Amino acid sequence: MRREIHLNAFDMNCVGHIQQGLWTHPRDQSARYLDIHYWTDYARRLEAGLFDGIFFADVVGVYDVLGGNADAALRGAVQVPVNDPTLLIPAMAAATRHLGFGVTANLTYETPYLFARRMSTLDHLTGGRIGWNIVTGYLDSAARAVGLTGQTAHDDRYDLADEYMALVYKLWEGSWEDGAVLADKARGLYADPARVHAVHHQGPQYKVDAMHLSEPSPQRTPVLYQAGSSARGSRFAATHAECVFVNGQSKPGVKKIVDDIRQQAVQRGRAGSDIKVFLGATVVTGRTEAEAQEKYAEYRRYVSSEAALAHAAASMGIDFAKYDIDEPIETGKSQAIVSNVEAMTRSAGPQWTRRKLLEQMVLGSRQPPMVGSAEQIADALIAWTTEADVDGFNLSRTVVPECFDDFIALVVPLLQERGVYKTRYAEGSLRGKLFGQDRLPASHPVAQHRRPAAA
């Protein structure tokens, strides 16, 4: 049996997400992001296309590295203004039955006790369709916004994250026993106090002495996403993640990352199949190759190079405004997204320049687009799953909603004909749809925080 391809739409609660400048295209509707009906229509569209979910990125700072200020980001709507993605999810869930929701939340700035309640609430309101993309942050502007002088060192942020995960696992899995909720109207007994327990946690970063405020949700722990592919990020993903988001420009390079994460997971007592890998992808398609290329050429006319550089500068921690167009760029030690710097070095060589970087960003991002007929796109996606061992794709928006309309109308039927895409949704939670069970398996580190079933 051929592997089923999983698909998420990749977006953000803002105007300009990844493909910088395309919000100016006359058919693009992303400037409607303040309208809740825009998002509920979006959710229905994705569910009609049998997408597994929508993956919401988020940042809590501004892109102010280019030129030492946020001017370029503000001019180009480079992920600013940006609103809270979690508040969209209940409305989108009410408009759908099956669509999953992966939401980015930065644990560096989220109090674990209150965050655990928010995720449990979302899991309840969605009927078990919530996932959490675990990030530790990379913007100094975000650190300054919460009273810090700058980012903690890259690897140190992951050390903090390991403790954070242990704490939220205790809250989600160890505070309320299965069977604690009785909801017995006749006896006036909602929950059995003997089966609800306070969490006592004292660690280097966090101290909690309290019970979890929410009763157990369908999944208890949300589906865990993680996007770091640096050495430290991969180790964290192999320990905690169920779905790993990677980017890459060559199949062998991505295959090496995937193999490494799976092997590390096995070394930690997990199965390689416990992790599904989603590749970031940008697709421009049409009925024919010529139609797709014509659309691609049209889209390119709306790309903003300044906005693209503003995004890249912040995500790599490098002020490109300090360099002439062909001056070699010194990467140095960055506390931003280490894997982004490593990926750029692999694609452009060790002596890369602003010109080389701009040549990579043909649609306003460093992600090279897949452009072709529906048949060519279907072939390309299948090739990635077979040659790089990825399980699915996070499809970045270009011009919305037509980019998803085109994909659903043209590519999805071909994937279904080839037996690599579902023809209907399975029932149940997001984890159940992806992995066949609502709860994390006993091989995951969450299991050590569960209470044994009552006799």
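Structure first, text after, so check above.
Source: prediction; values computed, not measured.

Basis of the calculations
Residues numbered from 1 in each chain as written. Predicted model: local features only at pLDDT ≥ 70, side-chain atom pairs only at ≥ 80, totals over all residues. Heavy atoms only, no water. Pairing = 2+ DSSP bridges. Helix = DSSP H or I, 4+ residues; strand = E, 2+ residues; numbered from the N terminus. Axes fitted to C-alpha atoms, helices over the stretch in contact; angles between N-to-C directions. Contact = heavy atoms within 4.5 Å. Core = buried A, V, L, I, M, F, W, Y, C linked by side-chain atoms within 4.5 Å. Buried < 20%, exposed > 50% of the residue type's maximum accessible area, 1.4 Å probe, protein only. Parallel < 35°, antiparallel > 145°, perpendicular 65-115°, else oblique. Left-handed = near helix turned anticlockwise from the far one by under 90°. Nonpolar A, V, L, I, M, F, W, Y, C, P; charged D, E, K, R; others polar. Expected span 1.5 Å × (residues − 1). Arc of directions from axis to C-beta. Polar contact = N/O pair within 3.5 Å; in protein donor to acceptor, adjacent residues only side chain to side chain. Phe/Tyr/Trp six-rings, centres within 6.5 Å; stacked < 30°, edge-to-face > 60°.

A. Quick peek at the sheet that holds strand 1 (residues 6–12). Around the barrel, which closes on itself, the eight strands sit in the order 1-2-3-4-9-10-11-14 with parallel pairing between neighbours. Here the strands of the sheet are splayed against their neighbours by 25° on average, with no regard to which way each runs. Summarising the sheet, strand 11 (residues 276–281) and strand 14 (residues 392–396) pair through four bridges and their orientation is parallel. Along strand 14, the bridge assignment pairs Ala 281 with Leu 395. Against the sheet, helix 7 (residues 231–240) contacts strand 4 (130–135), strand 9 (223–226) and strand 10 (243–246), and its axis sits at roughly 170° relative to strand 9.

B. Examining the nonpolar core more closely. Phe 51, Trp 132, Phe 393, Phe 407 and Leu 415 are the most contacted members of the largest nonpolar core, which totals 86 residues. Per element, the largest residue contribution to this core is 10 residues, and it comes from helix 6 (residues 154–174).

C. Representation of the packing of helix 6 against helix 7. One can describe the packing of helix 6 onto helix 7 by two numbers: an axis separation of 10 Å at closest approach and a directional angle of 15°. Here helix 7 runs roughly parallel to helix 6, going by the angle between their axes. Considering how the two elements wind past one another, helix 6 and helix 7 form a crossing that is right-handed. Contact with helix 6, carried on its side by His 154, Asp 155, Tyr 158, Asp 159, Ala 161, Asp 162, Met 165 and Tyr 169, involves Arg 232, Gly 233, Phe 236 and His 240 of helix 7 and no other residues of that element. A breakdown of the residues in the contact of helix 6 with helix 7 according to their chemical character gives five nonpolar, three polar and four charged.

D. Representation of helix 9 (residues 289–300) in the model. For helix 9, which comprises 12 residues, the first-to-last C-alpha distance of 16 Å matches the rise-based estimate of 16 Å (1.5 Å per residue) to within 8%. Turning to helix 9, its buried residues number three or more, namely Ala 292, Lys 295, Tyr 296, Glu 298 and Tyr 299. All buried residues of helix 9 project into a common sector of 160° when viewed along the axis, lining one side. More than 90 degrees from the buried face of helix 9, the exposed residues found are Ala 290 and Glu 294. Looking at the buried positions of helix 9, the neighbouring elements they touch are strand 12 (283–286), strand 13 (370–373) and helix 14 (402–417).

E. Summary view of unusual backbone geometry. Look at the link from Val 80 to Pro 81: it is a cis peptide, with omega at 0°. Topologically, Pro 81 is positioned in the loop between helix 2 (71–76) and helix 3 (89–94). Here the residue pair Val 400 and Pro 401 is connected by a cis peptide bond, since its omega of 5° sits within 30 degrees of zero. Relative to the helices and strands, Pro 401 resides in the loop between strand 14 and helix 14. A positive phi angle, near 60°, is found at Arg 220, a position not held by glycine. Among the structural elements, Arg 220 can be located in the loop between strand 8 (207–210) and strand 9. Phi angles above zero are rare outside glycine, and Asp 389 is one such case at about 65°. By the secondary structure assignment, Asp 389 is in the loop between helix 13 (374–387) and strand 14.

F. Structural detail: the pairing of strand 5 (residues 181–184). Summarising the sheet, strand 5 and strand 6 (residues 189–191) pair through two bridges and their orientation is antiparallel. In the sheet register, Asp 184 faces strand 6, and the bridge partner there is Leu 189.

G. Structural view of the side chain of Arg 366. By the element assignment, Arg 366 lies in the loop between helix 12 (354–360) and strand 13. At 3.5 Å, the side chain of Arg 366 and the side chain of Ser 315 are in polar contact.

H. Quick peek at helix 8 (residues 251–267). Over its 17 residues, helix 8 runs 24 Å from end to end, which matches the ideal 24 Å to within 8%, given 1.5 Å per residue. Among all positions in helix 8, only Val 254, Ile 257, Val 258, Ile 261, Arg 262, Gln 264 and Ala 265 are buried. Take helix 8 and look down its axis: the buried residues cluster within an arc of 160°, on one side only. Away from its buried face by more than 90 degrees, helix 8 exposes Pro 252, Lys 256 and Gln 267. The backbone nitrogen of Gly 253 has a side-chain oxygen 3.1 Å away, supplied by the residue at the start of helix 8, namely Ser 250. After helix 8 finishes, the residue Gly 269 shows a positive phi value of roughly 90°.

I. View of the packing of aromatic side chains. Evaluation of the coordinates by the stated rule reveals 21 aromatic pairs. Aromatic side chains Tyr 164 and Tyr 206 sit 5.5 Å apart centroid to centroid with 80° between the ring planes, which places their arrangement in the edge-to-face category. Of this pair, Tyr 164 sits in helix 6 while Tyr 206 sits in the loop between strand 7 (199–202) and strand 8; the two residues are 42 residues apart in sequence, bridging distant segments of the chain. Tyr 206 shares its class with Tyr 164; the two are buried. Ring plane angle 55° and centroid distance 6.1 Å describe the contact between Phe 320 and Trp 352, whose orientation is recorded as tilted. Taken together, the residues Phe 320 in the loop between helix 10 (305–316) and helix 11 (338–348) and Trp 352 in the loop between helix 11 and helix 12 connect sequence positions 32 residues apart.

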